[in-house]
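Spelled out, the chains give:
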Amino acid sequence: MMPAKNVLFIMCDQLRWDYLSCYGHKTLHTPHIDALAGRGVRYDRAYVQSPVCGASRMSTYTGRYVHAHGASWNFVPIKAGEMTIGDHLRPLGVRSVLIGKTHMKADAPGMARLGIDPKSRIGVRIAECGFDPFERDDGIHPYSGHEPNPRYNDVLREKGLEAENPWEEYANAGEDEDGDLLSGWFLKNADRPARVPDPLSETPYITGRAMDFIDDALDTDPDQPWVAHVSYIKPHWPYIVPEPYASMFGPDNVPPANRSDAERENAHPVFAQFMNRRVSRNFSRDDVRAKVIPAYMGLIKQIDDQMGRLFQHLEDRGIADQTMIVFTSDHGDYLGDHWLGEKELFHDESLRVPLIIYDPSPEADPTRGKVNTDLIESIDLAPSFLEMYGGAPVPHVMDGHSLIDTLTGTRTSDPRRYVISEYDYSFVEPRIALDMPARDCWLRMIFDGRYKYIHAERFRPMLYDLEDDPNELNDLGADPALAEVRARLHEALFEWARKPRQRATVADGAIEGTNIQDRIGEAGILIGYWDEAELEEAIRNEWGPRLANANPLVAPTLNKLLRRDVSEDKT
């Protein structure tokens, strides 16, 4: 065996942590993902930094919290110049490529201001989160203004699926008994098979493109290491899946909803408005869940089968023992739990994600098949990749902690006291219903392993005790008995927020490793001295000796400062 040279960085979209059999699902069996967990480490308490696609992904790609990188919602660009995984690894000789979704919108004004051509190599990387796109495919509805990837549509047409938009009319649509089109965007059609044949549907297509990249990399430069971000669109809505997966699960496989009537009684104002959204009202209906969740499970089963296909390709090409595999998701899906649809709040159904890492290196043998229970954040992946490739840590840039020591079994303690997640709900209906200014529509969550505290600007906090209430059904945000707990977590959240995270261009070590005032004095910038005598005293007894000891070229500078000769022994 040899150390891992490559990384297959797999991310699903809207995959709940508890909808895999290795995480405890009773009827949805995912043997290929389970086998990966058996060969690697399964992280049981992994959380994302935002419960919405774009913001979560930008945190994963940068290793930074949402308020640090600023991309607080879908299609809010990260700033041109923001460092990402590709930017950190490229100087180390690592090729970083994208195959699939990022939900990234380019910072066009920033590039224009800097004079960067969006079609140049640098411009493309800025637009693709620092990756070199092998194939970008977000699969977004065409009327949103973000067209689905034309290559996928072209492939479907080449296979005889003629339509103005085959992505929508075949991959995300069914048909009735008369052959009429039934849009997968309507929840009532979720129990219909998608019109597209399974091999041509989105998940197998992205798998095939990932295999194409692996072949291309081996054929063009087999010695160059790479990180391939294979980013699947599913099981994100539209909830529709082709056969044979459309018939694999039915209403009997749908678990009871995790919710209580008490949640709707005296609900927190923000929570109440999210429960009142159309998607939440529909998912609160049992008949909707009975149609949608079997399709959601089918999409996950399809992903698992494609994992088997992708992992086998690594074996067939002889690089399985050189390739680290990371499997995760950008957030979960409520599916009617807590009377909610979609994601966007902080219950575990939305915020907690699967994370499995397989490292083929011999150093990882002690942890194979183990379950890690540390508090993990998605921002931990970027510093892990950096350490894997021998890069120096950059804690002034990245907020995460490398997970390499959890793979080698050398971690002695959990470096994190809590996890943080943020959500900017100014883009959705609750802002309007609550008559909130956009700047105040921030929710911030802190979780210490037991208590989950959510700060809501202008409103009381929310609080859940996951030890006594693991299903998060009882909001203790107004309980006087928990005032001390709320105060402690509020202070911890405030401590986190008031630490600067924008000084990303100067490392802490560059400041702490020297006396900045000495360096300023060495440059001839002298502030606050009364006269020449006081300066000479400072040179001889304070910063002068330190500089002279550190730098033999300092003596001429000191001579110049004093405007007279200073003997060598005095210097």
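Remember, it's a predicted structure, so these values are computed and weren't measured experimentally. (Residues numbered from 1 in each chain as written. Predicted model: local features only at pLDDT ≥ 70, side-chain atom pairs only at ≥ 80, totals over all residues. Heavy atoms only, no water.)

Engineer: Explanation requested: the overall build of the protein chain in the structure shown.
Structural biologist: A count of helical and extended segments in the protein chain gives 22 helices and 15 strands. Computed over its C-alpha atoms, the radius of gyration of the protein chain comes to 27 Å, within 12% of the 25 Å expected for a compact globule of 571 residues. Taking the principal axes of the C-alpha coordinates as reference, the protein chain spans close to 100 × 65 × 50 Å. By the burial criterion, 57% of the 571 residues in the protein chain qualify as buried. A gap of 2 Å separates the mean positions of the 64 positive and 93 negative side-chain charges of the protein chain. (Helix = DSSP H or I, 4+ residues; strand = E, 2+ residues; numbered from the N terminus. Rg over C-alpha atoms; globule rule 2.2 N^0.38 Å. Buried < 20%, exposed > 50% of the residue type's maximum accessible area, 1.4 Å probe, protein only. Lys, Arg positive; Asp, Glu negative; His and termini not counted. Charge placed at Lys NZ, Arg CZ, Asp CG, Glu CD.)

Engineer: Even after reading the chapter, I still don't get the packing of aromatic side chains, so can you show me in this structure?
Structural biologist: Both the distance between ring centres and the angle between the ring planes are used here to describe each pair of aromatic rings. Tallied over the full model, the rule gives 16 aromatic pairs. Of the aromatic side chains, those joined through ring pairs into one cluster are Tyr19, Tyr239, Phe283 and Tyr296. Positioned above the aromatic ring of Tyr358, the side-chain terminus of Arg39 is 4.5 Å from the ring centre. Lying over the aromatic face of Trp339, Arg264 brings its terminal NZ or CZ to 3.6 Å of the ring centre. (Phe/Tyr/Trp six-rings, centres within 6.5 Å; stacked < 30°, edge-to-face > 60°. Lys NZ or Arg CZ within 6 Å of the ring centre and 35° of its normal.)

Engineer: What's the story with the packing of helix α7 (residues 150-158) against helix α9 (residues 202-220) in this structure? I'm lost.
Structural biologist: Two quantities define a packed helix pair, namely the angle between the axes and the distance from one axis to the other. Orientation of α7 relative to α9, taken along the N-to-C sense of each, is 105°, at an axis distance of 12 Å. Classified by the angle between their axes, α7 and α9 sit roughly perpendicular to one another. Together, Arg151, Tyr152 and Val155 of α7 and Glu202, Tyr205 and Arg209 of α9 make up the contact between the two elements. Taken together, the residues of the contact of α7 with α9 break down into three nonpolar, no polar and three charged. (Axes fitted to C-alpha atoms, helices over the stretch in contact; angles between N-to-C directions. Parallel < 35°, antiparallel > 145°, perpendicular 65-115°, else oblique. Contact = heavy atoms within 4.5 Å. Nonpolar A, V, L, I, M, F, W, Y, C, P; charged D, E, K, R; others polar.)

Engineer: How do you make sense of the confidence of the model for the protein chain when you look at a structure like this?
Structural biologist: Low pLDDT means the predicted atomic positions in that stretch should not be read closely. In this model, the protein chain carries a mean pLDDT of 91, and residues with pLDDT of at least 70 account for 91%. Note that residues 563-571 has pLDDT below 50 and, in this model, ten contacts with residues that lie over four places away or in other chains. (pLDDT = per-residue confidence, 0-100.)

Engineer: Sorry if this is basic, but what is going on with helix α12 (residues 286-316) here?
Structural biologist: An α-helical turn contains 3.6 residues, so any two residues separated by three or four positions project in the same direction. Between its first and last C-alpha, α12 extends 45 Å over 31 residues, near the 45 Å set by a 1.5 Å rise per residue. Within α12, 22 of the 31 residues are buried, which leaves it mostly tucked inside the rest of the structure. Taken from the residues just after α12, Gly318 is the one with a positive phi, measuring 75°. (Expected span 1.5 Å × (residues − 1).)

Engineer: Before we go on, may I ask you to explain the sheet that holds strand β14 (residues 451-456) in this structure?
Structural biologist: Note: strands within a sheet are paired through backbone hydrogen bonds, in either parallel or antiparallel orientation. Spatial strand order, β12-β13-β14-β15: four strands in an open sheet with antiparallel pairing. Each edge of the sheet is formed by a strand with only one pairing partner; in this case those strands are β12 (419-424) and β15 (462-465). The sheet shows a mean angle of 15° between the axes of neighbouring strands, taken without regard to direction. In terms of strand pairing, β12 meets strand β13 (residues 442-447) through six bridges, oriented antiparallel. (Pairing = 2+ DSSP bridges.)

Engineer: So what exactly am I meant to see when it comes to unusual backbone geometry here?
Structural biologist: With the exception of glycine, most residues fall at negative phi, and the peptide bonds are largely trans. Residue Pro235 is reached from Lys234 by a cis peptide bond, and omega for that bond is 10°. With respect to the helices, strands and loops of the structure, Pro235 is situated in strand β7 (residues 226-235). For the bond running from Glu243 to Pro244, omega is 10°, close enough to zero to count as cis. Assignment of secondary structure puts Pro244 in the loop between β7 and α10 (269-275).

Engineer: Help me out: how do you make sense of the pattern of salt bridges in this one?
Structural biologist: Opposite charge on two side chains allows them to pair when their charged atoms are near. Tallied over the full model, the rule gives 48 salt bridges. Between Arg16 and Asp337 there is a salt bridge, with the nearest N and O atoms lying 2.9 Å from each other. Note that Arg16 is positioned in the loop between β1 (6-13) and α1 (31-39) and Asp337 in the loop between β8 (323-329) and α13 (348-351), a separation of 321 residues in sequence. Summarising the burial analysis for this pair, Arg16 and Asp337 share the class buried. For Asp380, the salt bridge identified is with Arg416, shortest N-O distance 2.7 Å. Of this pair, Asp380 sits in the loop between β11 (376-377) and α14 (381-388) while Arg416 sits in the loop between α15 (404-408) and β12, and the two are 36 residues apart along the sequence. (Salt bridge = Lys/Arg side-chain N within 4 Å of Asp/Glu carboxyl O.)

Engineer: When you look at a negative patch on the surface in this model, what are you seeing that I'm missing?
Structural biologist: Negative charge collects at one region of the surface, where Asp531, Glu532, Glu534, Glu537 and Glu542 lie side by side. Tracing the sequence through the fold places Glu534 in helix α20 (residues 532-541). The class for Glu534 is partly exposed, based on a relative accessible area of 39%. (Patch = residues over 30% accessible without salt bridge, like charges linked within 9 Å, V, L, I, M, F, W, Y side chains within 5 Å. Areas by Shrake-Rupley, 256 points an atom, 1.4 Å probe, with all protein chains shown as cover.)

Engineer: Mind showing me how you'd approach the packing of α9 against α12 here?
Structural biologist: In contact at an axis separation of 10 Å, α9 and α12 are set at 15° when each is read in the N-to-C sense. Accordingly, the angle class assigned to the pair α9 and α12 is roughly parallel. The two elements α9 and α12 meet at a crossing, and its hand is right-handed. Judged by residue contacts, Thr203, Pro204, Thr207, Gly208, Ala210, Met211, Ile214 and Asp215 of α9 engage Gln302, Ile303, Gln306, Arg309, Leu310, His313 and Leu314 from α12. Considered class by class, the residues forming the contact of α9 with α12 number seven nonpolar, six polar and two charged. (Left-handed = near helix turned anticlockwise from the far one by under 90°.)

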